[in-house]
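Listed below, chain by chain, are the residues.
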Amino acid sequence: MPPVSPEVLAARRRQILDGARAAFARHGYEGATVRVLEEEIGVSRGAIFHHFPDKDAIFFALAAEDAAAMADVATRSGLVQAMRDMVAAPDAGWLGTALEISRRVRTDPEFRATWAQRSRAITEATRARLQRQRDAGVLRDDVDIDVLVTYLELVREGLVAHLAAGLPAEHLTGVLDLVESSVRRRP
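Every chain begins its residue count from 1, and numbering advances along the sequence as written. Given that the model is predicted, a residue must reach a pLDDT of at least 70 before its local features are reported, and side-chain atom pairs must reach 80 or more before they are shown or counted; all residues, however, enter totals for whole chains, interfaces and linings. Values shown for side chains rest on all heavy atoms present in the structure; no hydrogens or waters enter the calculation.

Trainee: Pulling in residues and values, what's your account of the pattern of salt bridges?
Mentor: Salt bridges are identified by distance alone: a Lys or Arg side-chain nitrogen within 4 Å of an Asp or Glu carboxyl oxygen. Taken as a whole and judged by the stated rule, the model has 20 salt bridges. One salt bridge connects E38 with R45, and the closest N-O pair in it is separated by 3.3 Å. Of the charged contacts, one joins R127 and E124 as a salt bridge, the two residues approaching to 2.5 Å between their closest N and O atoms. One end of the pair is R127 and the other is E124, both in helix α7 (residues 109-135) and three residues apart, which spans about a single turn. With a relative accessible area of 40%, E124 lands in the partly exposed category. One continuous salt-bridge network, built from bridges that share partners, spans E30, D56, E100, R103, R104 and D108. For helices the rule is a DSSP run of H or I covering at least 4 residues; for strands it is a run of E covering at least 2, with both sets numbered from the N terminus onward. Buried residues are those whose accessible area, probed at 1.4 Å on protein chains only, stays under 20% of the maximum for their type, while exposed residues exceed 50% and partly exposed ones sit between those limits.

Here it is in structure tokens:
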């Protein structure tokens, strides 16, 4: 068998992650059995486990991607923009990952410790963005930045719960406008 190029391996890894994201979104973590993953991804378990040691590693890779993407948006445009992106694409597969992270943080101490390192990137990106906003005179200065970070993180968690419950999304843009204006300096 000829060697497989790094590009082909990277494409297969991406295929596995994309298919697993769909499976986790549709069936939940527990329901996304290896057989379900094979069907959703369209490859054998051997191909799946060539790239990842187990289902948990696949899930963690997806969760890490989501955290990195959110930290990137928080750095460039703020955590409220990251929440706007969530509202704009509630079926993008991130919701299943976010809900499983919440469950596992609550029930799995080992995962909680490991995840704390990943989620810290979002917190730090948010804190740095808020500090830049404060330095530019845009952010209110009567509330400690760490309080504002916690406030925005709580809003994000509430947004995830709202979307997961299938509650109406019609007013969420207005809610996020209100959240954004609440952290800005008043004229």
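Trainee: Please provide a residue-by-residue account of a nonpolar patch on the surface, values included.
Mentor: Residues enter a patch when their relative accessible area is above 30% and they make no salt bridge; the linking distance is 9 Å between like charges and 5 Å between nonpolar side chains (Val, Leu, Ile, Met, Phe, Trp, Tyr). Shrake-Rupley sampling with a 1.4 Å probe provides the accessible areas, and residues are treated as covered by the protein chains on show and by no other component. A cluster of nonpolar residues, V4, V8 and L9, forms a patch on the protein surface that exposes about 230 Å² of accessible area. As for its position among the elements, V8 is in helix α1 (residues 6-31). For V8, a relative accessible area of 47% corresponds to the partly exposed category.

Trainee: Which residues make up the environment of L154, and what values go with them?
Mentor: By the secondary structure assignment, L154 is in helix α8 (residues 145-164). Spatially, the C-alpha atom of L154 lies 39 Å from that of A47, the residues being 107 residues apart in sequence.

Trainee: Run through the packing of α1 against helix α2 (residues 34-41), naming residues and quoting values.
Mentor: Look at α1 against α2: their axes get within 8 Å of each other, and the N-to-C directions meet at 135°. Judged on the interaxial angle alone, α2 and α1 are oblique. The crossing of α1 and α2 is right-handed. Only V36, L37, E40 and I41 of α2 make contact with α1, whose side of the interface consists of Q15, I16, G19, A20, A22, A23, R26, H27 and G31. Classification convention: Asp, Glu, Lys, Arg as charged; Ala, Val, Leu, Ile, Met, Phe, Trp, Tyr, Cys, Pro as nonpolar; all other residues, Gly among them, as polar. For the contact of α1 with α2, the residue count by class is seven nonpolar, four polar and two charged. Axis definition: a line fitted to C-alpha atoms, over the contacting stretch in the case of helices. Angles run 0 to 180 degrees between N-to-C directions. If an angle is under 35 degrees, it is roughly parallel; if it is over 145, roughly antiparallel; if it lies from 65 to 115, roughly perpendicular; otherwise it is oblique. Should the near helix be turned anticlockwise from the far one by less than a right angle, the crossing is left-handed, and should it be turned clockwise, the crossing is right-handed. For this analysis, residues touch if any pair of their heavy atoms sits within 4.5 Å.

Trainee: Go over α2, please, and point to the residues and values.
Mentor: An α-helical turn contains 3.6 residues, so a residue and the one three or four places further along point in the same direction. Among all positions in α2, only V36, L37 and I41 are buried. Down the axis of α2, the buried set is contained in an arc of 120°. They therefore lie on one face. For α2, the exposed residues lying more than 90 degrees away from the buried face are R35 and E39. Residues of α2 that are buried sit in contact with α1, α3 (45-51) and α4 (55-77). Working note: the arc is built from the helix axis to C-beta atom directions.

Trainee: Give a description of the nonpolar core that names residues and reports values.
Mentor: Buried Ala, Val, Leu, Ile, Met, Phe, Trp, Tyr and Cys residues that are joined via side-chain atoms within 4.5 Å together make up what is termed a nonpolar core. F24, L37, I58, L79, M83 and L152 are the most contacted members of the largest nonpolar core, which has 54 residues in total. With eleven residues, α4 is the largest single contributor of residues to this core. Once you skip the residues sitting within four places of it in the chain, M83 turns out to touch L152, V155, R156, L159 and L176.

Trainee: So what about α8? Which residues, and what values?
Mentor: Given a rise of 1.5 Å per residue, 20 residues ought to cover 28 Å, and the 29 Å separating the end C-alpha atoms of α8 matches this to within 8%. Buried within α8 we find I145, L148, V149, L152, E153, V155, R156, L159, V160 and L163. Down the axis, α8 shows its buried residues gathered within 155° of arc, on one side only. For the purposes of these results, a polar contact is taken to be a pair of N or O atoms within 3.5 Å, where, inside protein, one atom must be able to donate a hydrogen and its partner to accept one; residues adjacent in sequence count only when each atom of the pair is a side-chain atom. N-capping of α8 is provided by D144, with a side-chain oxygen placed 2.9 Å from the backbone N of D146. Positive phi appears at G166, one or two residues downstream of α8, with a value of about 75°. One less than the residue count of a helix, multiplied by 1.5 Å, gives the span that helix is expected to have.

So, to be careful, I would describe these as geometric facts and stop short of saying anything about function.
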